[in-house]
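Overview (structure and organization)
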Amino acid sequence: MSEQRQTVRGLQEVVAADTRLSFVDGANGKLYYRGYDIDELAGRASYAETVYLLWYGELPDAQELERFRAELVGNMQLPTQVVELLRLSPPNANPMVVLRTALSALGMFDPDGGRNTEEANDRKAKRILAQVACIVASLHRIRSGAPLLSPDPRSGFAWNFLYIFRGRQPDELEQRVIDSLLMLHADHGLAASTFAGRVVVSTQAGMHSAISASLASLKGPLHGGANRAVMEMLEEIEHPEHVEEYIESMLSAGERIMGFGHRIYKTEDPRSVHLRKYSEELCARGELRCYLDLSHRIEKIVRERKGIRPNVDFYSATVQRALGIPKEYYTCIFAVARCAGWIAHCMEQFADNRLIRPTSNYIGGFGRAFVPIEER
Ligand code: SDX
């Protein structure tokens, strides 16, 4: 009979891989990409530099960055069939569902679709990262009844993403913020969506299959879907004087406050520190001051009542609102950013692969006799 071993629910604290890509120091509230504390990178390294660092292990020099940036921006275009698929998608379909579907379709048109060599994966990596951004931007433009835009070949990847998404060029503050917003979301150890992608790669399925799995996982409200729920909460509460009653009623109902808590961080999520600062910079100058006051009040009440702190999703909501991104796209923006990490983990898994196949405790029965259907 099957030997019973201790099941680890949610694989909490189980080490499933060695990685050089990122380290989440939960006790001290620190996050490292390839040895760099994100506090070193925030506001200084562009998203494209961070992608390069994650994929190739070093920050690029000026020439390497220019070549990499140009290649990413040059890949910000979609096969006409995929654009058509976006146009045919149901107007009220969740953008994450459309993104997952369109990314899967992209795999059919990719010239390296069936190959997993290092060179083919490198070409696919740049296309997938750029085309995921392009899918999100194009979907929003189509749903807004606006024309699709082409990137400015002279500008940066993050700048171009916000431009082709919004149809308005980012100003200096917005450029700094979108670069950091994407950088701060770029990787985060074996988060559920990242682990999902590594499992797919471990069977030697291709990068499109892996990223499709990661997108499917990120959509969940316990993972990447929380940022949209945060904005919905802010809109529902509306006034700071309603915060205490609202939070109390959620906690009494045993509900989770979206944007708070973390499986690993037992102090503040270091990404939240930067996003709070950007939220304050962006919201202080416009009619979004109310969201900032609400956010500060919620943070205070939740900490007093539950001793838990904001995670990456809490202030990401007001930052994205201030950048003019509709809340239904918040998780897609998370996906655009995290594509860098997902792809880096695919590369790492391909480079030193072993099929990921855990075991389970069988708790069913044995020795049951078959009963023909006419006797059941
Ligand atoms: C991300 O893995 C990653 O790295 C993910 C991520 C990334 O970059 O990839 O960091 C991104 O997914 C951030 C998390 C976004 N999700 C949310 O904001 C949803 C709300 N958060 C919770 O659902 C929760 O905090 C989790 C899922 C994030 C973590 O939950 P755990 O580790 O499974 O913790 P738990 O649910 O066992 O809670 C432990 C205690 C409980 O108290 P008791 O019931 O034991 O008294 O903390 C409480 C919980 O009640 N708690 C919360 C809470 N989170 C934990 N109580 C109220 N609201 C919350 N948000």
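See the structure above.
From a predicted model like this one, the values you see are computed outputs, not experimental measurements. (Residues numbered from 1 in each chain as written. Predicted model: local features only at pLDDT ≥ 70, side-chain atom pairs only at ≥ 80, totals over all residues. Heavy atoms only, no water.)

1. A closer look at the site of the ligand
Lining the immediate surroundings of the ligand are 23 residues, of which His188, Arg256, His262, Arg271 and Arg338 lie closest. Between the ligand and Leu222, the relevant distance is 3.3 Å, taken from a nitrogen atom to a main-chain nitrogen or oxygen of the residue. Within the side chain of Arg263, a nitrogen or oxygen atom sits 2.8 Å from an oxygen atom of the ligand. Protein contacts shield 72% of the accessible area of the ligand, which totals 1,000 Å² for the unbound molecule. Residues that form the shell around the ligand fall into these classes: 10 nonpolar, 6 polar and 7 charged. (Near = heavy atom within 4 Å. Polar contact = N/O pair within 3.5 Å; in protein donor to acceptor, adjacent residues only side chain to side chain. Areas by Shrake-Rupley, 256 points an atom, 1.4 Å probe, with all protein chains shown as cover. Nonpolar A, V, L, I, M, F, W, Y, C, P; charged D, E, K, R; others polar.)

2. Details of unusual backbone geometry
Even without a glycine there, the phi angle at Leu11 is positive, about 50 degrees. Relative to the elements of secondary structure, Leu11 occurs in the segment before strand E1 (22-25). Exposure remark for Leu11: the relative accessible area of 45% places this residue in the partly exposed category. A positive phi is found at Arg34, a non-glycine position, where the angle reads about 50 degrees. As for its position among the elements, Arg34 is in the loop between strand E2 (30-33) and strand E3 (36-37). (Helix = DSSP H or I, 4+ residues; strand = E, 2+ residues; numbered from the N terminus. Buried < 20%, exposed > 50% of the residue type's maximum accessible area, 1.4 Å probe, protein only.)

3. Some points on a nonpolar patch on the surface
On the surface, Val8, Leu11 and Val14 cluster together into a nonpolar patch covering about 220 Å² of accessible area. Assignment of secondary structure puts Val8 in the segment before E1. Here Val8 falls in the partly exposed class, since its relative accessible area comes to 36%. (Patch = residues over 30% accessible without salt bridge, like charges linked within 9 Å, V, L, I, M, F, W, Y side chains within 5 Å. Salt bridge = Lys/Arg side-chain N within 4 Å of Asp/Glu carboxyl O.)

4. As for the sheet that holds E3
With respect to topology, 3 strands assemble into an open sheet ordered E1-E2-E3, the strand pairing being antiparallel. Two strands bound the open sheet, and with one partner strand each, they are E1 and E3. Sheet topology places E2 next to E3; 2 bridges connect them, and they run antiparallel. Note on E3: the bridge partner recorded for Tyr32 is Asp37. (Pairing = 2+ DSSP bridges.)

5. Comments concerning the packing of aromatic side chains
Working definition: an aromatic ring pair is given by the centre-to-centre distance plus the angle between the planes. Tallied over the entire structure, the rule returns 13 aromatic pairs. Ring geometry for Phe23 versus Tyr32: centroids 6.1 Å apart, planes at 15 degrees, classification stacked. Note on Tyr52 and Tyr56: the rings are 4.8 Å apart at their centroids and 65 degrees apart in plane angle, and the pair reads as edge-to-face. Of this pair, Tyr52 and Tyr56 are both found in helix H2 (residues 47-56), 4 residues apart, which corresponds to roughly one turn of the helix. For Tyr56, a relative accessible area of 33% translates into the label partly exposed. Here the basic side chain of Lys277 rests over the ring of Tyr278, its NZ or CZ set 4.2 Å away from the ring centre. (Phe/Tyr/Trp six-rings, centres within 6.5 Å; stacked < 30°, edge-to-face > 60°. Lys NZ or Arg CZ within 6 Å of the ring centre and 35° of its normal.)

6. Some remarks on the nonpolar core
One finds Trp55, Leu129, Ile211, Ile298 and Ile343 to be the most contacted residues of the largest nonpolar core, which totals 115 residues. Take this core: its biggest share by element is 14 residues, from helix H16 (residues 330-351). Three or more residues apiece are contributed to this core by two domains, here domain 1 (22-222 + 328-351) and domain 2 (226-322). (Core = buried A, V, L, I, M, F, W, Y, C linked by side-chain atoms within 4.5 Å. Domains from an automatic or database assignment.)

7. Points about the pairing of E1
When E1 meets E2, the two strands line up antiparallel, connected through 4 bridges. Residue pairing in the sheet places Phe23 in a bridge with Tyr32 of E2. The hairpin turn running from E1 into E2, its antiparallel successor, is 4 residues long, and Gly29 in that turn takes a positive phi close to 65 degrees.

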